[in-house]
Amino acid sequence: MRINGRDEEDANKSEMDDMIETENESLRERVSDLEKKALDQGDEIVCLRSTLADVLRRLTLLENAVNSRGGLSPSSTGTVTPVRNGGFRGALNNHISQLKDGPLGGSRLRQPMYHQSSVESNNSIKEIAHRSNVPTALPQRRGVHYQSTGSLHSDSPSSNSVSPVPTSPSPTHTPPPRVSPSPRQSQPPTPTRSTNSNLHFAKRWSSTGDFNNSPHNGGSMNSRLATKSLLNLNVRVQSPHNMLKHGTRDATYNEEEKILRMFLRGRPIILYAPSSLAETYDITKVTTPPQSKLKLDWVYGYRGRDCRSNLYLLPTGEMVYFVAAVVVLYNVEEQSQRHYLGHTDDIKCIAIHPNKLLVATGQCAGHDRRESRPHIRIWDSVTLNTVAILGAGDFERSICCISFSKADGGQLLCAVDEANDHNISVWDWQKGERGQRITETKCSVDTVIAAEFHPLERNCIVTCGKSHISFWTLDAGGTLYKRMGIFENRDKPKYVTCVAFNHLGDVITGDSNGSLIIWARGTNTVSKLVRGVHDGPVFSVCALKEGSIVSGGGKDRRIVQLDSQLNASGLERQVPDHAGGIRVISEGRGSQLLVGTTRNCVLVGSLSMGLSTALTGHLDELWGLAVHPSLPQFVTAGYDKSLNLWDSMSHSLIWSKDLSEAAQSAAISPDGSIIIVGCVTGHWFALDSQTREIFTTHADGAEPIQVIKFSPNGQFLALGSRDNNVYIYQCGGDTRKYNRVGRCMTERKRKRSSSLTSFLGHSSFITHLDWSADSQLLRSNSGDYEVLYWNAGLCRQVPQSSSMRDVEWASNSCTLSFETIGIWPEGADGTDVNFCDRANNKKLLATADDFGKVKLYTYPVTQPRSLCHSYGGHSSHVTAVTFLHDDSRLISTGGKDTAILQWAVV
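Residues numbered from 1 in each chain as written. Predicted model: local features only at pLDDT ≥ 70, side-chain atom pairs only at ≥ 80, totals over all residues. Heavy atoms only, no water.

It is characteristic of soluble globular proteins that their nonpolar side chains tend to be buried jointly. L311, M319, Y321, F634, V881, L890 and W903 are the most contacted members of the largest nonpolar core, which totals 44 residues. The leading source of residues in this core is strand β5 (residues 294-300), at five residues. With sequence-adjacent residues up to four places away left out, V881 is seen in contact with L625, F835, C836, D837, A846, T847, A848, V854, L890, I891 and S892. In this structure, L260, Y785, A828 and C836 belong to the second largest nonpolar core, which totals 30 residues. (Core = buried A, V, L, I, M, F, W, Y, C linked by side-chain atoms within 4.5 Å. Buried < 20%, exposed > 50% of the residue type's maximum accessible area, 1.4 Å probe, protein only. Helix = DSSP H or I, 4+ residues; strand = E, 2+ residues; numbered from the N terminus. Contact = heavy atoms within 4.5 Å.)

Below is the structure:
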């Protein structure tokens, strides 16, 4: 607004200039004082940053006041005429320059230089205000600086600021080299109003939410960088995962309160030390591993559901097969097993050398990219020593099929990688410990199921799979040539599922149409087609020594014998329905056959005398495991809707029970007469352990029953559900009647002195339960790493966790307790350890983790740095471990690998 009278106008301008100069001088003094304080106290740099942001805000308000009073006037060229002495913007720029080059300078305060002229650099916060539709009047300008509704230490964006995206570089931006500013002629002047300032490059961060929303840093900032300052713009931000505290690395012990604090995924876990340990506890001590060790005693299971050609008979009388990461050599007559444990993850294929002594096995990629790379191991079946390791680092995904050459005595080995191109490679495996790859080429874009060297023709390989069969020739120069099989006018099958060779050298294949085809030796055309041999796909073809051919059906479960020209002999046999379809047929001793099925069973016998089950296993993920309180027996239950009772001494299946639902957990009563099975739907069954009769069924919620525990006196039953509740039942005199006492659940509790409401109970699913020795109290863990205590009779939480420090617990399956601190490795999160179990003599503790390892510790594991013995064998997450009643053996169950491993404690 203009005021009449030149003298009055000059007076107003002089007054305004004096006011600005006084403000600039005050700001210079404040910044100088703060700079000195920051030098004396390095931690006070945070205060300096905050104050500088406040300075920016005040200067913005003054700028608006000057503009409204006519202190700035645009010129005809679109530039801005600065006020005297450079105005407050120039003063602030001088202060920032001093900070860069002063005692606090260097890389810590170094700001990026911008290659812009002074004209362009005058684009001010007014442009931001214009885009944000914010007026420039003084009272309204205050509303631009939004305040956070969240904490500076929040892990998620918490600001309600809608400030525009800053044009300043991200925290990970590298400043360009300092050069002299030069005007850019290619860009016209900005038509919007501007001021004499470079501060439009600096957004005024109000909270971590403002900075977290920056697209350059992945949406996360730690609290040290969550300050309102330009000084953080060149600080490189760590990834959010690395900033979280994990495991026992940051564990601390408070000697006064006698509590230990550890972290899982950044969440603090408070554990109370027992009085017997509290006074002398030293968090820096290292616990030695136990003197006892584990030795793999028996493996229950076989992988037939998705692997082929994986069952053979060795000259030692042992059948060789694999499950999980273990190759099993099983002598059925002597009821003994040996195990090759060289692999680190799922074994997918196996081949026998022509000398019948060497074995080659191939595995897939595992958890550890370095230690579990896909590779092939060649080993001696007598000594179990590794002879050669091929392809570590050469294969991409997993080895789906391998074969030794036969016509030259087994000098070569071919392998097919289960990658997108299904590359086939040929190896001279005897050259050194790592072998030598002769050649590699793309096999097929479609699935490859089998690859076999021809038994009579040197350097000839046959592969088959989805809609194809290929005949390969390896020349002297090491090049593979392929000829595709021609089906002519015959029905081309969707899959060629298996391949074998008769005594004449002809190739015999089975396909998904249920047909058998003869491909004449040396040709790639069909010589003979026999339709309808099986109702459904043919999964296996075996050429016997006496010349006949045996085929197995995957759907009709029939084993059919034919002569060498595929003429029916009239001899066949069907396997039981519970065993599943035929997956592989191998020749045994004399007229015996070894048969692997799609339901992970192995049968032994002949077509004339019949077949008997040699071993059986689960078909899907295993989660339920419980041991008998007085006998060497244990039960397993899984997603295959099967409940099995095993005898650990005879290594046999006592009985199996088909369930109507997938099982998640299991428990056996203290007297051993009742078995409880929890299902994924919230239902649970109680059945007699002798008759297998289900005598009661209950339902608690609609979520899986994660864990089941009987109280030591057998009078109560606790069930932990995925719906965050623990259900308590009272057992009748014969433990056949179950009356629900109540449920331990989340409750609201309003404080009398205030209107605040607190919550008791778990806020996540239940993972583990332990009863006290007197059957009065219950300890529970949850998916969000809580440790809570309950009065079982009242179904009420005990809020004073410190009063539970000296309670004697009947078991120790809770992974979060003071006695299990050391099972959490440095850097571990809350999902790494799935289960733990304490030996009955209270000297050992075993754990099951997500990396396929079973570990053995000295109990109690109260030191963050506790050493242990670690054992492989499982190829998937280990879901449970449990000691038998006499602590002589340990049972572990795998998830996806469906394997049950029995370990002897030695």
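It is worth spelling out the pattern of salt bridges at this point. If you walk through the whole model with that rule in mind, you get 22 salt bridges. Its salt-bridge partner being K406, residue E452 comes within 3.5 Å of it at the nearest N-O pair. You can see E452 sitting in strand β18 (residues 448-453) and its partner K406 sitting in the loop between β14 (399-404) and β15 (412-417), a full 46 residues away along the chain. The class for E452 is buried, based on a relative accessible area of 18%. (Salt bridge = Lys/Arg side-chain N within 4 Å of Asp/Glu carboxyl O.)

Here we come to the UniProt feature "repeat: WD" (unreviewed entry) in the chain. UniProt records the feature "repeat: WD" (unreviewed entry) at residues 615-656, 759-791 and 871-906, using the numbering of this structure. Helix and strand shares over residues 871-906 are 0% and 53% respectively, and the end C-alpha atoms of the span are 14 Å apart. (UniProt positions renumbered as here; feature names shortened; annotations may be inferred.)

Before going further, it helps to examine the packing of aromatic side chains. By the definition in use, this model includes 17 aromatic pairs. Aromatic pair Y300 and F634: ring centres 5.9 Å apart, planes at 75°, arrangement edge-to-face. On the criterion of sequence distance, the pair formed by Y300 in strand β5 and F634 in strand β35 (residues 633-638) is long-range, its members being 334 residues apart. Of the two residues, Y300 and F634, neither departs from the other in class, the shared state being buried. Ring pairs connect the aromatic residues Y253, Y281 and F818, which therefore count as one cluster. The lysine or arginine in question, R308, covers the ring of F539, its NZ or CZ lying 5.0 Å from the ring centre. Lying over the aromatic face of F765, R722 brings its terminal NZ or CZ to 4.0 Å of the ring centre. (Phe/Tyr/Trp six-rings, centres within 6.5 Å; stacked < 30°, edge-to-face > 60°. Lys NZ or Arg CZ within 6 Å of the ring centre and 35° of its normal.)

Time to look at a negative patch on the surface. On the surface, E255, E256, E257 and D282 cluster together to form a negatively charged patch. Along the chain, the position of E255 falls in the loop between β1 (252-254) and β2 (259-264). The exposure class of E255 is exposed, given its relative accessible area of 62%. (Patch = residues over 30% accessible without salt bridge, like charges linked within 9 Å, V, L, I, M, F, W, Y side chains within 5 Å. Areas by Shrake-Rupley, 256 points an atom, 1.4 Å probe, with all protein chains shown as cover. Lys, Arg positive; Asp, Glu negative; His and termini not counted. Charge placed at Lys NZ, Arg CZ, Asp CG, Glu CD.)

This paragraph deals with the confidence of the model for the chain. For the chain, mean pLDDT is 80; residues scoring 70 or higher make up 72% of the total. Of the regions scoring below 50 in pLDDT, residues 70-92 engages in 39 contacts with residues more than four places distant in sequence or in other chains. In this model, residues 94-242 is a region of pLDDT below 50 whose contacts with residues beyond four sequence positions or in other chains number 223 contacts. (pLDDT = per-residue confidence, 0-100.)

Before going further, it helps to spend a moment on the sheet that holds strand β37 (residues 652-658). Taken in spatial order, the four strands make up an open sheet running β34-β35-β36-β37, and their pairing is antiparallel. The open sheet has two edge strands, β34 (622-627) and β37, and neither has a second partner. Neighbour-to-neighbour, the strand axes of the sheet open up by a mean angle of 20°, direction not taken into account. With five bridges connecting them, β35 and strand β36 (residues 642-647) associate as antiparallel partners. Note that in β36 the partner of F634 across the bridge is W646. (Pairing = 2+ DSSP bridges. Axes fitted to C-alpha atoms, helices over the stretch in contact; angles between N-to-C directions.)

Of all six residues making up strand β30 (residues 582-587), five are buried, and the element is well covered by its neighbours. Connecting the antiparallel pair β30 and strand β31 (residues 593-597) is a turn made up of five residues, with G590 showing a positive phi of about 60°.

This next bit is on the sheet that holds strand β45 (residues 738-744). One open sheet holds the four strands; their spatial order is β42-β43-β44-β45, and the pairing between them is antiparallel. Lying at the two open borders of the sheet, with one neighbouring strand each, are β42 (705-710) and β45. Sheet twist, expressed as the average angle between the axes of neighbouring strands with direction ignored, equals 20°. Sheet topology places β42 next to strand β43 (residues 716-721); five bridges connect them, and they run antiparallel. Opposite K709, over in β43, you have A718 as the bridge partner.

Glancing now at the environment of H422. Tracing the sequence through the fold places H422 in the loop between β15 and β16 (423-428). With 20 residues separating them along the chain, H422 and K442 place their C-alpha atoms 6.2 Å apart. Sequence-distant contacts of H422, that is, excluding residues within four places in its chain, are made with V416, D417, K442, C443, S444, V445, D446, T447 and V448. Reaching out from H422, the side chain makes a polar contact with the backbone oxygen of S444 at a distance of 3.1 Å. There is a polar contact of 3.2 Å between the side chain of H422 and the backbone oxygen of D446. (Polar contact = N/O pair within 3.5 Å; in protein donor to acceptor, adjacent residues only side chain to side chain.)

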